Amino acid sequence: MGLPANPAKPVPPGKSGQLRAQLREVRQKGSQARRNLRNGLLFTAPWLVGLLVLQAYPLLATVYYSFTNFDGLQFPPRWVGLTNYQNMIHDPYVKLAASNTVWWVVTSVPLSLVVGLLLALILNQRIPVIGAFRSIVYVPSMVPLAGAAIIFAWIFNPAGGPVNALLAAAGLTRQPNWFLDANLSKPALLLITVWQIGPTMIIFLAALQNVPKDLYEACELDGGGRWPKFTRVTLPLITPAVFFNLVLNLIWAFSIFTQAMFISASSASISSASGVGAAIGGQQNSLLFYGVYLYEVLFQDFDFGYGSALAVALTVVVAAITVALFRSAKRWVFYND
Amino acid sequence: MIEDSTPELSRQSVIVEDDSGTEQGKKNELAGAPYRGGPASHRWLIYLALIGIAIPFLFPIYWLTTGAFKTPSTIVDVPPAWWPVHWVLTNFRVIFNSGAVDIPRYAWNTLLMCLAWVVAGTAVSALIAYGFARIEFLGRQVLFSTVIIVLILPYWATIAPQYVLFHSLGWLNSLAPVTAPALTGVPFSIFLLREFMRGIPLEVSEAARLDGANEMQIFLFVILPQLTPVLIVTALFQFADTYNSFFLPLVYLTSPANYTLSLGIYQFIQLHGAPDTGAMVAYTLLLSVPLLFVFVVAQKRLTSGVKISGRLG
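Nothing here was measured: the structure is a model prediction, and the numbers come from that model. (Residues numbered from 1 in each chain as written. Chains lettered and ligands numbered in written order. Predicted model: local features only at pLDDT ≥ 70, side-chain atom pairs only at ≥ 80, totals over all residues.)

### Regarding the overall build of chain B
- Counting its regular elements, chain B contains 14 helices and zero strands.
- When the elements of chain B are put in sequence order from the N terminus, they spell out α-α-α-α-α-α-α-α-α-α-α-α-α-α.
- When each of the 313 residues of chain B is scored for burial, the buried share is 42%.
- Counting only contacts in chain B whose residues sit at least 6 apart along the sequence, the fraction spanning at least 24 positions is 74%. (Helix = DSSP H or I, 4+ residues; strand = E, 2+ residues; numbered from the N terminus. Buried ≥ 20, exposed ≤ 12 C-beta atoms within 10 Å, placed from the backbone. Contact = placed C-beta atoms within 7 Å.)

### Describing the interface of chain A and chain B
- At the interface, 98 residues of chain A touch 93 residues of chain B.
- In terms of residues, the side of chain A that touches chain B owes the most to one element, helix α2 (residues 45–65) of chain A, which gives 13 residues.

### Some words on unusual backbone geometry
Residue and element names in this part refer to chain A.
- The omega angle of the peptide bond from Phe75 to Pro76 is -10°, so this bond is cis rather than trans.
- Mapped onto the elements of the fold, Pro76 is located in the loop between β1 (68–69) and β2 (78–79).
- Of note, the phi angle at Trp178 is positive, near 45°, even though the residue is not glycine.
- In this structure, Trp178 sits in the loop between α7 (162–169) and α8 (185–195).
- The class of Trp178 is buried, set by 25 C-beta atoms lying within 10 Å.
- Positive phi, normally seen in glycine, also occurs at Phe302, with a value near 50°.
- Along the chain, Phe302 turns up in the loop between α14 (290–300) and α15 (304–332).

### Comments concerning the domain arrangement of chain A
- Under the domain assignment, chain A is made up of domain 1 (18–65) and domain 2 (84–332).
- With centres defined by C-alpha atoms, the gap from domain 1 of chain A to domain 2 of chain A works out at 40 Å. (Domains from an automatic or database assignment.)

### Section: the domain arrangement of chain B
- What the domain assignment reports for chain B is domain 1 (37–97) and domain 2 (103–275).
- Spacing between the C-alpha centres of domain 1 of chain B and domain 2 of chain B amounts to 35 Å.

### Section: helix α5 (residues 130–138) of chain A
- With seven of nine residues buried, α5(A) is to be regarded as a mostly interior element.
- Among all positions of α5(A), only Ile130(A), Phe133(A), Arg134(A), Ser135(A), Ile136(A), Val137(A) and Tyr138(A) are buried.

### What to know about the confidence of the model for chain A
Residue and element names in this part refer to chain A.
- Considering every residue of chain A, the mean pLDDT works out to 87; 91% of them sit at 70 or more.
- Averaged over each element, pLDDT in chain A is lowest for helix α1 (residues 13–43) (80) and highest for α2 (96).
- Note on residues 273–278: pLDDT under 50 across the span, and eight contacts to partners over four residues away in sequence or across chains. (pLDDT = per-residue confidence, 0-100.)

### Quick look at the packing of helix α5 (residues 103–134) of chain B against helix α11 (residues 215–244) of chain B
Residue and element names in this part refer to chain B.
- The contact between α5 and α11 brings their axes to 9 Å, and the two run at 140°. Relative to α11, α5 is oriented oblique. You can see that α5 and α11 cross each other, and the crossing is right-handed. Residues Thr110, Met113, Cys114, Trp117, Val118, Gly121, Thr122, Ala126, Tyr130 and Arg134 of α5 touch α11, and the partners they reach there are Phe219, Ile223, Leu224, Leu231, Thr234, Ala235, Gln238, Phe239, Thr242 and Tyr243.
- In the contact of α5 with α11, the residues fall into 13 nonpolar, six polar and one charged. (Axes fitted to C-alpha atoms, helices over the stretch in contact; angles between N-to-C directions. Parallel < 35°, antiparallel > 145°, perpendicular 65-115°, else oblique. Left-handed = near helix turned anticlockwise from the far one by under 90°. Nonpolar A, V, L, I, M, F, W, Y, C, P; charged D, E, K, R; others polar.)

If you want it as structure tokens, here you go:
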């Protein structure tokens, strides 16, 4: 006797096939993932190399140098602890450079955004030959930074420049010295920034043109005039452009360098009346921006230790502002997708 | 002329239209500008305002262009001469004949530097962008976020060790420090190209894959051809950016034989005290012409390119 053979419950052939297919799929997925990883790393390899060699390592090295005394040549750098940072606190030029830069950031960034938006609003009318006017406003931003600075130093030079000639013709007896006046050099520099507002304006213009027309009509039906249309429809819908321009202009403002260097060099030499004093930071160091001072410390004094400490401080500030900005963006930037 | 909104180049559409066809006209009706000209009687006021805006924007370019052709004595006239009485090439002769600057040499160096970044930089950036946009691999997001971080990181954060590195490689006194880094891609170009590549439907790649194409073939023969207009915009940006660069050449190019145009004029002004203003103005005009020329030739593409880049994060 025996129990009838109780064959193991046969797995329906279909199911086993399914299992195998599933296994195959998992394996395939695994190999697909591996293949993707390999391909992804291959395609992005140039970036990875650059990231490690030109960004990550130098960033860490900058932090390291900042605790050392180092001229860029004599290895190894000599460890000095926090000395460089302590020196920073007592360095009057750091204070000056920082305050010049803060002045520049808090004036040039809002000014660029406001003027850029105003110009975009004016140029957003659909009337004949408006395209020509848009080009006219945009084209100065294609003049190289160096060229723009030289042109402005020349146009605003107190010794026979056209601007002061016009002011004289208008009856102004005491004409401003512009870049040669420590109180006016930064405001005059703002004029170059406004002159080269093209990219900021174009980004606003594009955003304005993408605001759906029906929203304005809806606002009109609610009895909204021009101002409510602007504050309730236009502004919220162009917040991505505002954010983008804000970030870009902040980066540009913090890294201001070329214009200041060229203004300092050329404004003094054009009006030779002022004689020497073509110091690197402009009239009475009024154009000694943080970047300009860093350049002096790093590449004229070759004080890589101290320069690195200055660079670390700048990086921390810029990073903090950027992080805060990107965080805040979640609350006020309205992405319509 | 900068026309009304070129078709929005967003992730959804990667078509860059070259000419304003009827299609665009229709689109403009939809995207229409809120602030129209108003009644025709007020038009002249608007034009008056526009002309008032245009004059200060144009004047510096006018002053530069006419100034370069004034005689060296007219150029420093007080009060200034508003129009060159005699158009002369003296200033250009001075700048080309003076031993102080070597414009052809600087132009050649500038060209080499621009070529490296425009050709190699854009090509490598496209490769990298493809990896980020079209291949789903482990760590992709994290790696891409480093592109944004580097984009925002001030160059001061890395310049000192980079200098030490290039110095130890024996690269100082050559163009290598201002050209070789192009081979690692450009953050802004990567960002821009990735946005566009993401806009191309995945099915396109899938179809090519079923036909047996590998990733490189898909990149070269499927994705790149669709991106030609965007690549041109990216390359134009890159050209403007590289042409404008002054800080890196100032730091790395110590020998006059390697100077670029921007660096050359800076050293000319710095070292020669109060130079001949005419020569300086002529040099400035020469320096400005290439970018202005690019603008005139390609302004439509350029402005549409600025527009599409308007999104971060």
